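# Report on the structure
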Amino acid sequence: MSEASSTFEAYESDSHMADSRNFYSLVDGSLVRDGLKFKVINPATQGTVGAAIVPGAKVLQQAIDAADRAFMTWRTEQWTVRSGLLRALADVLRKNVEELARLLTQEQGKPLQQARNETISCAEFLEHCSGLELRPIVLNNKPEAYAEQFFVPYGIVAGIVPWNFPLEAAVSKIGPAIITGNSIIIKPAPTTPLATLRFGELIKDVVPAGLIQIIADDGSFGPQLVSHPSIAKISFTGSTASGKAVMTSAAQGLKRLSLELGGNDPAIVFDDVDLKSVAQAIFNAAFLNTGQVCTAIKRVYVHAAIADRFCECLAALARNAVVGDGLEDNVTVGPLQNKAQFDKVLQYLDEAEKVGRIVVGGKAPALAGYFINPTIVTDISDEASLVKDEQFGPILPVLTFTDVDDVVRRANATPYGLTASVWSADRDRAARIARRLDFGTIWVNKHLEFNLDYPFSPCKESGFGTEGGIEGLKEYAQPRLLS
């Protein structure tokens, strides 16, 4: 779930405002109404959605102190109490799906149904976490040599959230942190804080003071939070470059760290597939959220025998996509989230025109926001930036292959190691090839299909740590041995 740098609107002084278009940080059980107004832009219109009120620097220490007090109590709470709180948070999400989804669409750009899906999936995730428990593991049950491994919470967790799935990324950190007995401070991305801040407002009277805090940021808060000596654990989702900076800062205190970073996720398509159904699945997995998904398909290697026909199937789907404001009916592709990302994708388009062949798309439509038509590019080299980089936009390069060993080498020739997929009517062959790919998750005949019980573990420069199931909980607890 990579996070690009962005340019932000100017902010101005603000104090004790009651305007419903202002959104406030949740700190120590109260909303912080004093601060600077930081305008949030709708990428579909370039108009203002609302404003996050960014608290002053002293609020960080207040939040840390509150988180520490909450942790001291929460760490001793029964598992049933922790579980009940997560179910209560899920209820809040379910009761406010429409409001939160509209905010997500307005600040992030994704079509409204995708925003609804994100909000509902947050509730489902918390409900799932409410049933998970890190129980002691008995290693030796002999009375004279008893040994067990048990787990204790770390303390205060810092959750750093990107702009592509702002609410989902926040909740993915809140669930395991809370069920394992930690307190947590969430920092939303500056360009997409509103739905997450609103969630904080909605849970203010549900959560013990200081246990879950959500603090608005203007771009300067992250380094202060990460480097604070009282932070015990950092869970970061964002770009690889930012992840390296977080890791450097965390090293000063040897803080526990989970990083989910960028991806350059390949799909390998053999010549025995059903063209139309696989093309549809590939298209869906490449263009979800306008391609702004860390685990989305970023490049496709298609067997030369079917490459032309496969390209045309993708092109037909791109032509039929409805580009526009995500609040409008039938829109399937929204805008890029911010101008910096929009400009970056335009550069990829410029290069693709010079070093490849644009089958469809390749243009920004005459709309007010940061829109780019879904684009399919072929006849392009593996050395092109569009193929080597994480483009994070609605452009898909299609390359060809004939030799299996060659395509495995090319798919692996990236510093990233997030996800990949192999597509073939011969599932056994596809599985054999999948095992040779250097990625944390490799799907066979599917992509972007997650199971909340399955571990998701990036590798190489896509990060480290695990999300999902019991293994995901272990990222938020210190194992100890009693012997």
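This write-up is about the structure you can find in this document. Please read these numbers as outputs of a predicted model, since none were measured by experiment. (Residues numbered from 1 in each chain as written. Predicted model: local features only at pLDDT ≥ 70, side-chain atom pairs only at ≥ 80, totals over all residues. Heavy atoms only, no water.)

Taken in spatial order, the 7 strands make up an open sheet running 16-17-18-15-14-20-21, and their pairing is mixed. Whereas interior strands pair on both sides, the edge strands pair on one side only; in this sheet they are strand 16 (357-360) and strand 21 (441-444). In this sheet, adjacent strand axes meet at a mean angle of 25° when their direction is disregarded. Of the strand pairs in this sheet, strand 15 (residues 297-303) and strand 18 (residues 395-401) are connected by 4 bridges, and their pairing is parallel. In the sheet register, Val300 faces strand 18, and the bridge partner there is Val398. Strands in contact with helix 14 (residues 427-434) are strand 20 (419-423) and strand 21; relative to strand 21, the strand with the most contacts, it is inclined by about 165°. (Pairing = 2+ DSSP bridges. Helix = DSSP H or I, 4+ residues; strand = E, 2+ residues; numbered from the N terminus. Axes fitted to C-alpha atoms, helices over the stretch in contact; angles between N-to-C directions. Contact = heavy atoms within 4.5 Å.)

Of all 5 residues that make up strand 13 (residues 256-260), 4 are buried, and the element is covered over most of its length. The β-α-β motif built from strand 12 (residues 231-237), the intervening helix 8 (residues 240-251) and the parallel element strand 13 has right-handed crossover chirality. Inspection of the sheet shows strand 13 paired to strand 23 (residues 463-464) by 2 bridges, in the antiparallel sense. Within strand 23, the residue paired with Leu259 across the bridge is Phe464. (Buried < 20%, exposed > 50% of the residue type's maximum accessible area, 1.4 Å probe, protein only. Right-handed = clockwise from strand over helix to strand, strands pointing away.)

What follows covers the nonpolar core. If you look at the biggest cluster of nonpolar residues, it comprises 54 residues, and the most contacted ones within it are Leu89, Ile178, Phe199 and Ile212. Considering every element that reaches this core, the biggest residue donor is helix 5 (residues 166-179), with 8 residues. Among residues more than four places away in sequence, those in contact with Ile178 are Trp74, Arg82, Leu85, Leu86, Ile184, Leu211 and Ile212. (Core = buried A, V, L, I, M, F, W, Y, C linked by side-chain atoms within 4.5 Å.)

Our focus in this paragraph is empty space enclosed by the protein. Taken as a whole and judged by the stated rule, the model has 1 cavity of 30 Å³ or more. If you add up the space inside the largest cavity, you get close to 40 Å³. Ala286, Phe287, Gly291, Ile297, Lys298, Gln391, Gly393, Pro394, Ile395 and Leu396 together form the lining of the largest cavity. Within the residue set of the lining of the largest cavity, elements represented by two or more residues are helix 9 (275-287), strand 15 and strand 18. (1 Å grid on protein atoms, 1.4 Å probe; cavity = no way out; pocket = protein on both sides within 12 Å on 5 of 7 lines; lining within 4 Å. Points joined across faces, edges and corners; volume = space filled by probe spheres on them.)

What follows deals with the environment of Ala145. With respect to the helices and strands, Ala145 occurs in the loop between strand 7 (137-140) and strand 8 (147-153). With relative accessibility at 33%, the residue Ala145 sits in the partly exposed group.

Attention now moves to helix 1 (residues 58-74). Think of an α-helix as 3.6 residues a turn; residues three or four steps apart then line up on the same face. Over its 17 residues, helix 1 runs 24 Å from end to end, which matches the ideal 24 Å to within 8%, given 1.5 Å per residue. Where helix 1 is concerned, the buried positions are Val59, Leu60, Ala63, Ile64, Ala66, Ala67, Ala70, Phe71 and Trp74. (Expected span 1.5 Å × (residues − 1).)

Right, let's get into the environment of Val171. In this fold, Val171 is placed in helix 5. Residues Val171 and Ala90, 81 residues apart in the sequence, show an inter-C-alpha distance of 9.8 Å. The contacts of Val171, once residues within four sequence positions are left out, are Cys122, Phe125, Leu126, Pro176 and Phe199.

Let's shift gears to the sheet that holds strand 24 (residues 477-482). Spatially, the 3 strands line up as an open sheet ordered 7-8-24, and their pairing is antiparallel. Both edges of this open sheet fall to strand 7 and strand 24, since each of them pairs with a single strand only. The average angle at which neighbouring strand axes cross in this sheet is 30°, direction not considered.

So, about the side chain of His303. By the secondary structure assignment, His303 is in strand 15. Looking at His303, the relative accessible area reads 15%, which means it is buried. With residues near it in sequence (within four places) discarded, His303 still touches Val269, Phe270, Asp271, Phe401 and Thr402.

Here the focus is a nonpolar patch on the surface. Residues Ile137, Leu139 and Leu481 make up a contiguous nonpolar surface patch of about 290 Å² in total accessible area. Along the chain, the position of Ile137 falls in strand 7. Given the relative accessible area of 34%, Ile137 is considered partly exposed. (Patch = residues over 30% accessible without salt bridge, like charges linked within 9 Å, V, L, I, M, F, W, Y side chains within 5 Å. Areas by Shrake-Rupley, 256 points an atom, 1.4 Å probe, with all protein chains shown as cover. Salt bridge = Lys/Arg side-chain N within 4 Å of Asp/Glu carboxyl O.)

The next thing to look at is the packing of aromatic side chains. In the structure shown here, the tally under the stated rule is 6 aromatic pairs. Aromatic side chains Phe342 and Tyr370 sit 5.6 Å apart centroid to centroid with 40° between the ring planes, which places their arrangement in the tilted category. You can see Phe342 sitting in helix 11 (residues 339-355) and its partner Tyr370 sitting in the loop between strand 16 and strand 17 (375-378), a full 28 residues away along the chain. An aromatic cluster is built from Trp443, Phe450 and Phe456, whose rings are joined through pairwise contacts. Arg33 extends its terminal NZ or CZ atom over the ring of Tyr24, reaching a point 4.6 Å from the ring centre. Positioned over the ring face of Phe439 is Lys460, at 5.4 Å from the centre of the ring. (Phe/Tyr/Trp six-rings, centres within 6.5 Å; stacked < 30°, edge-to-face > 60°. Lys NZ or Arg CZ within 6 Å of the ring centre and 35° of its normal.)

Assignment of secondary structure puts Lys233 in strand 12. Looking at Lys233, its side chain comes within polar contact range of the main-chain oxygen of Glu475, at 3.1 Å. Filtering out sequence-adjacent residues up to four positions away, Lys233 remains in contact with Tyr154, Ile156, Val157, Ala158, Arg256, Leu257, Ser258, Glu475 and Tyr476. (Polar contact = N/O pair within 3.5 Å; in protein donor to acceptor, adjacent residues only side chain to side chain.)

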